[in-house]
Amino acid sequence: MHKHHSALGLATARFDSARGIALAMRPVQPVTLIRPHAAARAARFFVEKFPGRSMYAVKANPSPDLLKVLWANGITHYDVASLGEVRLVAATLPEATLCFMHPVKAEEAIAEAYFEHGVRVFSLDSLEELAKIMRATQGATDLTLCVRLRVSSEHSKLSLASKFGVAPDEAKELLFQARQAADALGICFHVGSQAMTPDAYANAMERVRQAIVGAAVTVDVVDVGGGFPSAYPGMEPPALERYFETIHRAFESLPVSYSAELWAEPGRALCAEYSSLIVRVEKRRGDELFINDGAYGALFDAAHIGWRFPVALLREPESTVRDMPFSFYGPTCDDLDHMAGPFLLPADVRAGDYIEIGMLGAYGAALRTGFNGFGATETIVVDDEPMVSLYTDLPEAAVSTNVVKL
């Protein structure tokens, strides 16, 4: 271990591995590990390989340090969904382009975003929202308005098909009216989180084609939204290049403006590998492990939607006992603080052992609470690889963990 000014500009204890931290520190509280090099590599992958513009979906992880790493590696546009996110990114990255992609916004939020933070891109899925945007911006003539279509989430692990999106039979009128108001007209959609096949995008792009033909409007932007997957136990997706190729082919066949732009809003795919967590086993009861983080901490998804995360026992010497499936209980007094898993760990795991839980950079940190007095964690930069990566074939020279000063 050594101390120095890290890539994030902080004087941080820096370790080579999660195991080194567990053995050297024997931490009483959970420890969050961050890997700037992993987020940097993911950003370069999208910047270099996605056939359009990639904007980061800030809700996945709003850490200012992460935002700076993404900016340093070519992510210049940010999908913000609230006034809080608008203010955060504007303060952290004043030169960034902000796109307000929540289809239902407060009129006051639209006005502040437009007049105080330079936001010119807004999404909408109703005539009511269109009228609201025009009132809030005082009839602005420099807007990019992206009409969100409702598409299927059948190929995704988390549906985003029921809350937002204009239905096909209502799209024609909204597209026509938005075209009259917009400087640039876009169509956007979201196939759902963790899309497990490129077909999800091919099907959605067919909906886009039908909407354009039906409304007979000139479209300047097609935004395929998020849904780009990461790898988790039992959820190993195809290579991301296959998604990019499918999207590119579909985009090239659309009847859009000759200068139309292709956008995407990756969130999970840019930050999942950025962070993991070290927890301590406080008690074992058969195949149940009581650990010191859980549903109200970084493991919300593991508890509430049954997400399985990669796990590893941090012990020296390493256990040679065969793995068995475990479930976890978190530290609060709530029965809901339960992560069913299964999480595969050596069968001799015991109280006092440390476990690394990987791939928590997306949503884990963002959803953490202080419920029941738990939740304080130390954050440490580590240099090792994430437990799983979709980007390990990208040359190291292509990425930068140095934060560009704005």
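Cut-offs and rules
- Residues numbered from 1 in each chain as written.
- Predicted model: local features only at pLDDT ≥ 70, side-chain atom pairs only at ≥ 80, totals over all residues.
- Heavy atoms only, no water.
- Helix = DSSP H or I, 4+ residues; strand = E, 2+ residues; numbered from the N terminus.
- Rg over C-alpha atoms; globule rule 2.2 N^0.38 Å.
- Buried < 20%, exposed > 50% of the residue type's maximum accessible area, 1.4 Å probe, protein only.
- Contact = heavy atoms within 4.5 Å.
- Areas by Shrake-Rupley, 256 points an atom, 1.4 Å probe, with all protein chains shown as cover.
- Lys, Arg positive; Asp, Glu negative; His and termini not counted.
- Charge placed at Lys NZ, Arg CZ, Asp CG, Glu CD.
- Phe/Tyr/Trp six-rings, centres within 6.5 Å; stacked < 30°, edge-to-face > 60°.
- Pairing = 2+ DSSP bridges.
- Salt bridge = Lys/Arg side-chain N within 4 Å of Asp/Glu carboxyl O.
- Expected span 1.5 Å × (residues − 1).
- Arc of directions from axis to C-beta.

### Quick look at the overall build of the chain
So, point 1. Helix and strand counts for the chain come out as eleven helices and 20 strands.
So, point 2. Against the globule reference of 22 Å for 406 residues, the chain gives a C-alpha radius of gyration of 22 Å, in line with a compact fold.
So, point 3. Reported as C-alpha extents along the three principal axes, the dimensions of the chain are approximately 65 × 40 × 40 Å.
So, point 4. Here the chain, with 406 residues, has 55% of them falling under the buried criterion.
So, point 5. Pairs at least 24 apart in sequence give 73% of the contacts found in the chain among residues at least 6 apart.
So, point 6. Counting every atom, the chain has about 16500 Å² of accessible surface; 51% of that belongs to carbon and sulfur.
So, point 7. The averaged location of the 50 negative side-chain charges in the chain is 2 Å from the averaged location of its 37 positive side-chain charges.

### Thoughts on the packing of aromatic side chains
Describing an aromatic ring pair means giving the distance of the ring centres and the angle of the ring planes.
So, point 1. Within this structure, the stated rule accounts for 17 aromatic pairs.
So, point 2. Judged by centre distance (6.5 Å) and plane angle (85°), the ring pair of Tyr 56 and Tyr 78 falls under edge-to-face. Taken together, the positions of Tyr 56 in strand β4 (residues 53-57) and Tyr 78 in strand β5 (residues 77-80) put the pair 22 residues apart, joining distant regions of the chain.
So, point 3. Relative accessible area serves as the criterion here: at 0%, Tyr 56 is assigned to the buried category.
So, point 4. Between Phe 228 and Phe 244, the ring centres sit 6.0 Å apart and the planes meet at 70°, which makes this aromatic pair edge-to-face.

### Some points on the pairing of strand β19 (residues 354-357)
So, point 1. Residues Tyr 354 and Glu 356 point to one face of β19 and Ile 355 and Ile 357 to the other, with burial holding for every one of them.
So, point 2. Bridge count between strand β14 (residues 275-285) and β19: four bridges; the pairing is antiparallel. Note on β19: the bridge partner recorded for Val 279 is Ile 355.
So, point 3. Inspection of the sheet shows strand β16 (residues 311-314) paired to β19 by four bridges, in the antiparallel sense. Looking across to β19, one finds that Val 311 is bridged to Ile 357.

### Structural notes on the side chain of Asp 223
So, point 1. By the secondary structure assignment, Asp 223 is in strand β12 (residues 221-223).
So, point 2. For the buried Asp 223, no salt bridge is present, and the opposite-charge side chain at shortest range is Arg 148, 8.4 Å distant.
So, point 3. When near neighbours in sequence (up to four residues on either side) are disregarded, Asp 223 contacts Met 55, Met 101, Ile 187, Cys 188, Phe 189, Trp 263, Ala 264 and Glu 265.

### Description of the pattern of salt bridges
So, point 1. Taken as a whole and assessed by the stated rule, the structure comprises 17 salt bridges.
So, point 2. The structure contains a network of salt bridges with shared partners spanning Arg 35, Glu 356 and Asp 384.

### Some thoughts on the environment of Leu 67
So, point 1. Residue position: Leu 67 is located in helix α3 (residues 64-72).
So, point 2. For the pair Leu 67 and Tyr 56, spaced eleven residues apart in sequence, the C-alpha to C-alpha distance is 8.6 Å.

### What about helix α9 (residues 240-252)?
So, point 1. In a regular helix each residue adds 1.5 Å, so 13 residues correspond to 18 Å; α9 covers 18 Å between its end C-alpha atoms and thus fits that length.
So, point 2. Turning to α9, its buried residues number three or more, namely Leu 240, Tyr 243, Phe 244, Thr 246, Ile 247, Ala 250 and Phe 251. All buried residues of α9 fall inside an arc of 165° around its axis, so they share one side. Among the exposed residues of α9, those oriented more than 90 degrees off its buried face are Arg 249 and Glu 252.
So, point 3. Looking at the packing, one finds that the buried side of α9 touches α2 (36-49), β11 (193-195), α8 (199-215), β12 and β13 (261-264).

Any functional reading would require information beyond the geometric quantities listed.
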